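Structural features, examined
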Amino acid sequence: NAPEAVFIGPKKLLQPAVPLSDAGLIEQLGYTGKRIAVWGLAFKPNTDDMREAPAVVVIEGLLAAGAKVTAYDPEAMHEAKKRYLGDRIEYAEMP
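Residues numbered from 1 in each chain as written. Predicted model: local features only at pLDDT ≥ 70, side-chain atom pairs only at ≥ 80, totals over all residues. Heavy atoms only, no water.

1. A word on the overall build of the protein chain
Definition in use: Runs of H or I in DSSP of at least four residues are treated as helices and runs of E of at least two as strands, each being numbered from the N terminus. Buried means the residue's accessible area, taken with a 1.4 Å probe over protein chains only, is under 20% of the maximum for its type, while exposed means over 50%, and partly exposed covers the values in between. Residues are treated as being in contact if the distance between any of their heavy atoms lies within 4.5 Å. Computed with a 1.4 Å probe, the accessible areas rest on the Shrake-Rupley method; for each residue, only the protein chains presented here act as cover.
Each helix and strand counted, the protein chain has three helices and five strands in total. Relative to its full complement of 95 residues, the protein chain shows a buried share of 40%. Long-range pairs, those at least 24 residues apart, make up 56% of the contacts in the protein chain between residues at least 6 apart in sequence. For the protein chain, the accessible surface area stands at approximately 6,200 Å², while carbon and sulfur atoms represent 52% of it.

2. Points about the pairing of strand S3 (residues 35–39)
Condition: Whether two strands pair depends on DSSP finding at least two bridges between them. Looking down the strands as they point away from the viewer, one classifies a crossover as right-handed if the path from the first strand across the helix to the second runs clockwise.
Where S3 and strand S4 (residues 68–72) come together, five bridges link them in parallel fashion. The partner of Trp39 across the bridge, within S4, is Tyr72. Handedness of the S3-helix H2 (residues 54–64)-S4 crossover: right-handed.

3. Considerations on the pairing of S4
A large share of S4 lies buried, amounting to four of its five residues. Taken together, the two bridges between S4 and strand S5 (residues 90–91) define a ladder with parallel strand orientation. Bridge pairing in S5 places Ala71 opposite Tyr91. Considered for its hand, the β-α-β crossover made up of S4, helix H3 (residues 77–84) and S5 is right-handed.

4. Observations regarding the sheet that holds S3
Reading across from one edge, S3-S4-S5 is the order of the three strands in this open sheet, with parallel pairing throughout. If you trace the sheet from one side to the other, it starts and ends with S3 and S5, each paired once.

5. A short note on the side chain of Asp49
Selection criterion: Any pair of N or O atoms that falls within 3.5 Å is considered a polar contact. Within protein, one atom must be able to donate a hydrogen and the other to accept it, and sequence-neighbouring residues count only if both atoms are side-chain atoms.
Mapped onto the elements, Asp49 comes out in the loop between S3 and H2. Of the residues examined, Asp49 reaches a relative accessible area of 16% and is grouped as buried. At 2.4 Å, the side chain of Asp49 forms a polar contact with the side chain of Arg51. Not counting residues up to four positions away in its chain, the partners in contact with Asp49 are Ala42 and Phe43.

6. Section: the nonpolar core
Rules: Note on terminology: a nonpolar core comprises buried Ala, Val, Leu, Ile, Met, Phe, Trp, Tyr and Cys residues joined through side-chain atoms within 4.5 Å.
Residues Val38, Leu41, Met50, Ile59, Leu62, Val69 and Ile89 are the most contacted members of the largest nonpolar core, which totals 23 residues. If you list the elements that add at least two residues to this core, you get H2, S4 and H3. Broken down by element, this core gets its largest block of residues, six residues, from H2. Among all residues touching Leu41, those that are not within four sequence positions of it are Met50, Ala53, Ala55, Ile59, Ala71, Asp73, Ala76, Met77 and Ala80.

7. With respect to the environment of Arg83
Along the chain, the position of Arg83 falls in helix H3. Distance from Arg83 to Met50, taken between C-alpha atoms, is 9.0 Å for residues 33 residues apart in sequence. Of note is the side chain of Arg83, whose polar atom sits 2.7 Å from the side chain of Glu79.

Laid out in structure tokens, this is it:
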């Protein structure tokens, strides 16, 4: 069995280092059917600018691995829903 993955920042995993585009490896880590919370969607605080936001890459990888994602970002949720992630994830009303 693969060791438990611990998320430490955008696009980074600790033990093991797993690219989120490798859905097979992520699936082995056991994300299928699990709810994952993502706090922060924009590429920096206090903005709705989602261009090149690492959260989109992370969320796409989690969705591909079968995870259910709930996200919160007071500034960027509307932009994320409108242009990037739509209704494929849930958006939390509060952190």
